[in-house]
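What follows is the residue order along each chain.
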Amino acid sequence: MNDKVASDTVKDLLNIRAVQLSTNPPFVWNEEITAPIYTDNRLTMAYPRIRERITKNLAQLVREQFPEATVICGVPTAGIAYAALVSDRLELPFIYVHADLNHHGLIRELEGKLTAEDKVVLIDDLIASGAGSTNAAAAVRETGATVLGIAAIFSYQLPDVVRQLERLQLKLFTLTDYTHLIEEAVLFRLVDEDFNLTLKYWHENPTTWPEKFGE
Ligand SMILES: O=P(O)(O)OC[C@H]1O[C@H](OP(=O)(O)OP(=O)(O)O)[C@H](O)[C@@H]1O
Ligand SMILES: O=C(O)c1cc(=O)[nH]c(=O)[nH]1
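This is a predicted model, so every value here is computed, not measured.

Asker: Tell me about the site of ligand 1, and name the residues and values.
Answerer: Taken together, 14 residues form the shell around ligand 1, and within it T77, D125, A128, S129 and G130 come nearest. A128 places a main-chain nitrogen or oxygen 2.7 Å from an oxygen atom of ligand 1. A distance of 2.8 Å separates an oxygen atom of ligand 1 from a polar atom in the backbone of G132. Broken down by element, the residue count for the shell around ligand 1 peaks at four residues, all from strand 8 (residues 119-127). The class makeup of the residues in the shell around ligand 1 is six nonpolar, five polar and three charged.

What follows is the structure in structure tokens.
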């Protein structure tokens, strides 16, 4: 990971208040995970300069890590816009996974043109449980095409999710991550020592927090 890109991206997210921190109430992500943090990367779309930086850096990441890519695929919903912007920059074909239901509902299909010879890079805005990207990868693989990996803006680096992506042979590269986010949030004085501990405990125990550590 490019350290300057990682901290600059986090600064952009913090400046536009895309990251929210709260234990009271906490953020219910889904039936399994409640968290003291929520990141809304969709907000970056409203800021042309930030959108441009993210697009440029994602395109650079794909160029460096997946030079053999032949198709760029958007993961619904927020990844689709960035996938379109990145494919335009790289002058590569663009496809997207259409989600009839959200990723818990699991009815998905691909939109666009794909052959079994294609080598696909998925673009997601954010990796939390990884469900959006892993479902998109499964949909692409079902066609016989190869999934080279995922490029995303941000990852929570949840240990179970990192392991699951490795098991599925999905290489993940992100512009920034939870480690850089916490570092910058401390520097921004958004997080004091107590909250920093809460964020650390949650990260180690995302499915049992807040019972064990919450307020
Ligand atoms: O790693 P995951 O658990 O899949 O979570 C990450 C996804 O969650 C959000 O999308 P969400 O599904 O909430 O809604 P969206 O349709 O607005 O992208 C976010 O935009 C990511 O795409
Ligand atoms: O779990 C999610 O779906 C999720 C978490 C988060 O921080 N941000 C987001 O957009 N989705």
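Asker: Please set out the pairing of strand 6 (residues 94-99) residue by residue, giving values where relevant.
Answerer: One ladder, built from three bridges, connects strand 5 (residues 71-74) with strand 6; its direction is parallel. Opposite C73, over in strand 6, you have I95 as the bridge partner. The β-α-β motif built from strand 5, the intervening helix 3 (residues 78-90) and the parallel element strand 6 has right-handed crossover chirality.

Asker: Now, about the nonpolar core: what can you tell me, with residues and values included?
Answerer: The biggest cluster of nonpolar side chains holds 63 residues, and the ones touching the most others in it are L58, V62, L122, Y156 and W202. With residues up to four places along the chain from it excluded, the contact list for Y156 reads W29, I37, Y38, T39, L126, I127, A128, Y178, W202 and H203.

Asker: So what's going on with the site of ligand 2? Residues and values would help.
Answerer: As a structural note, the neighbourhood of ligand 2 is formed by W29, Y38, T39, R42, L126, A128 and Y156. Between ligand 2 and the protein, one listed contact pairs a nitrogen atom with a backbone N or O atom of T39 at 2.7 Å. If ligand 2 stood free it would expose 290 Å²; the protein chains cover 85% of that surface. Across the shell around ligand 2, the residue classes break down as five nonpolar, one polar and one charged.

Asker: Give me the side chain of T34: which residues, what numbers.
Answerer: With respect to the helices and strands, the residue T34 is situated in strand 3 (residues 34-35). Those residues within four positions of T34 in sequence are excluded, and the remaining contacts are P26, F27, V28, W29, W202, P206, W209 and P210.

Asker: Could you give an account of the UniProt feature "binding site: 5-phospho-alpha-D-ribose 1-diphosphate" (unreviewed entry) in the chain, with specific residues and numbers?
Answerer: Here the UniProt feature "binding site: 5-phospho-alpha-D-ribose 1-diphosphate" (unreviewed entry) sits at H104, D124, D125, L126, I127, A128, S129, G130, A131 and G132. Among the structural elements, I127 can be located in strand 8. In contact with A128, other than residues within four places in its own chain, are W29, Y156, L158 and V161.

Asker: Report on the packing of aromatic side chains, specifying residues and quantitative values.
Answerer: Per the stated rule, a full pass over the model turns up nine aromatic pairs. Measuring from ring centre to ring centre gives 5.4 Å for W29 and W202, while their planes differ by 70°; the resulting arrangement is edge-to-face. Of this pair, W29 sits in the loop between strand 2 (27-28) and strand 3 while W202 sits in helix 7 (residues 193-204), and the two are 173 residues apart along the sequence. Exposure class is identical for W29 and W202. Each is buried. Taking 5.9 Å as the distance between ring centres and 25° as the angle between the ring planes, the aromatic pair formed by F94 and Y96 counts as stacked.

Asker: Before we move on, can you summarise the packing of helix 6 (residues 178-187) against helix 7 with the specific residues and values?
Answerer: At their nearest, the axes of helix 6 and helix 7 sit 11 Å apart, and the two run at 170° to each other. Classified by the angle their axes make, helix 6 and helix 7 are roughly antiparallel. Residue-level contacts link Y178, I182 and V186 of helix 6 to N196, L199, W202 and H203 of helix 7. Residues belonging to the contact of helix 6 with helix 7 are distributed by class as follows: five nonpolar, two polar and no charged.

About the thresholds
- Residues numbered from 1 in each chain as written.
- Chains lettered and ligands numbered in written order.
- Predicted model: local features only at pLDDT ≥ 70, side-chain atom pairs only at ≥ 80, totals over all residues.
- Heavy atoms only, no water.
- Near = heavy atom within 4 Å.
- Polar contact = N/O pair within 3.5 Å; in protein donor to acceptor, adjacent residues only side chain to side chain.
- Helix = DSSP H or I, 4+ residues; strand = E, 2+ residues; numbered from the N terminus.
- Nonpolar A, V, L, I, M, F, W, Y, C, P; charged D, E, K, R; others polar.
- Pairing = 2+ DSSP bridges.
- Right-handed = clockwise from strand over helix to strand, strands pointing away.
- Core = buried A, V, L, I, M, F, W, Y, C linked by side-chain atoms within 4.5 Å.
- Buried < 20%, exposed > 50% of the residue type's maximum accessible area, 1.4 Å probe, protein only.
- Contact = heavy atoms within 4.5 Å.
- Areas by Shrake-Rupley, 256 points an atom, 1.4 Å probe, with all protein chains shown as cover.
- UniProt positions renumbered as here; feature names shortened; annotations may be inferred.
- Phe/Tyr/Trp six-rings, centres within 6.5 Å; stacked < 30°, edge-to-face > 60°.
- Axes fitted to C-alpha atoms, helices over the stretch in contact; angles between N-to-C directions.
- Parallel < 35°, antiparallel > 145°, perpendicular 65-115°, else oblique.

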